[in-house]
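Architecture and fold: a report
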Amino acid sequence: MDEEMRAWWCANCPDAWEAMVDKWLDPVFREAHRAAQERRRRMPGVAHHQGNRSLSGYAQAWSAAHGGQPCSLFAAYGMSHKGPASSDVSFSVDDPPEAYTNAGVYDKVTAYAQEAARSMGATGLATASSTGRLLPPSPRSEHRPRA
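Residues numbered from 1 in each chain as written. Predicted model: local features only at pLDDT ≥ 70, side-chain atom pairs only at ≥ 80, totals over all residues. Heavy atoms only, no water.

1. Overview of a nonpolar patch on the surface
On the surface, W8, W9, W24 and L25 cluster together into a nonpolar patch covering about 570 Å² of accessible area. Inspection of the secondary structure assignment puts W9 in the segment before α1 (14-25). (Patch = residues over 30% accessible without salt bridge, like charges linked within 9 Å, V, L, I, M, F, W, Y side chains within 5 Å. Areas by Shrake-Rupley, 256 points an atom, 1.4 Å probe, with all protein chains shown as cover. Salt bridge = Lys/Arg side-chain N within 4 Å of Asp/Glu carboxyl O. Helix = DSSP H or I, 4+ residues; strand = E, 2+ residues; numbered from the N terminus.)

Shown next as structure tokens:
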């Protein structure tokens, strides 16, 4: 492959670059990519306001922008579908569908909250509703040294 065509961030990894290009040119991948583009085009609102941050990165940014207030991953998920972390967004499981920039998020938040209510009971959900914290952060979001 012509080295001028290789992305700068992959300059020292020609085998990795070749593998990525092979994947991008694969007909199965191209069809899946085309289908995903079409779904995004039909989406009634923006996908999210995380930018290139992970969900835990959005939660950290929101917390930093709001005086160190704690932000669970569940609350971050809801707020990332309302506005940027630095904006005046908040979260409640009782938020109506129009609170989100993408209507599909409401269904996911509602289903998750219903499951949490089923497993935690009404008292647990009432507390979670006021704090936005239904579950603790996922263990996957915590740094663990490799064995």
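2. Topic: the packing of helix α3 (residues 55-65) against helix α4 (residues 73-80)
Relative to each other, α3 and α4 sit at 85°, their axes nearing to 9 Å. Accordingly, the angle class assigned to the pair α3 and α4 is roughly perpendicular. Note on element contacts: α4 touches α3 through L73, A76, Y77, M79 and S80, opposite L55, S56, Y58, A59 and W62. Grouping the amino acids of the contact of α3 with α4 by side-chain chemistry returns eight nonpolar, two polar and no charged. (Axes fitted to C-alpha atoms, helices over the stretch in contact; angles between N-to-C directions. Parallel < 35°, antiparallel > 145°, perpendicular 65-115°, else oblique. Contact = heavy atoms within 4.5 Å. Nonpolar A, V, L, I, M, F, W, Y, C, P; charged D, E, K, R; others polar.)

3. A few points about the packing of α1 against helix α2 (residues 27-42)
Here α1 crosses α2 at 65°, and the two axes come no closer than 5 Å. Comparing their axes, α2 and α1 come out roughly perpendicular. Residue-level inspection shows K23, W24 and L25 of α1 in contact with α2, the latter providing P27, F29 and R30. In terms of residue class, the contact of α1 with α2 is built from four nonpolar, no polar and two charged.

4. Things to note about α2
The first and last C-alpha atoms of α2 sit 23 Å apart over 16 residues, in line with the 22 Å expected at 1.5 Å per residue. For α2, the N-terminal cap is D26; the gap from its side-chain oxygen to the backbone nitrogen of V28 is 2.9 Å. (Expected span 1.5 Å × (residues − 1). Polar contact = N/O pair within 3.5 Å; in protein donor to acceptor, adjacent residues only side chain to side chain.)

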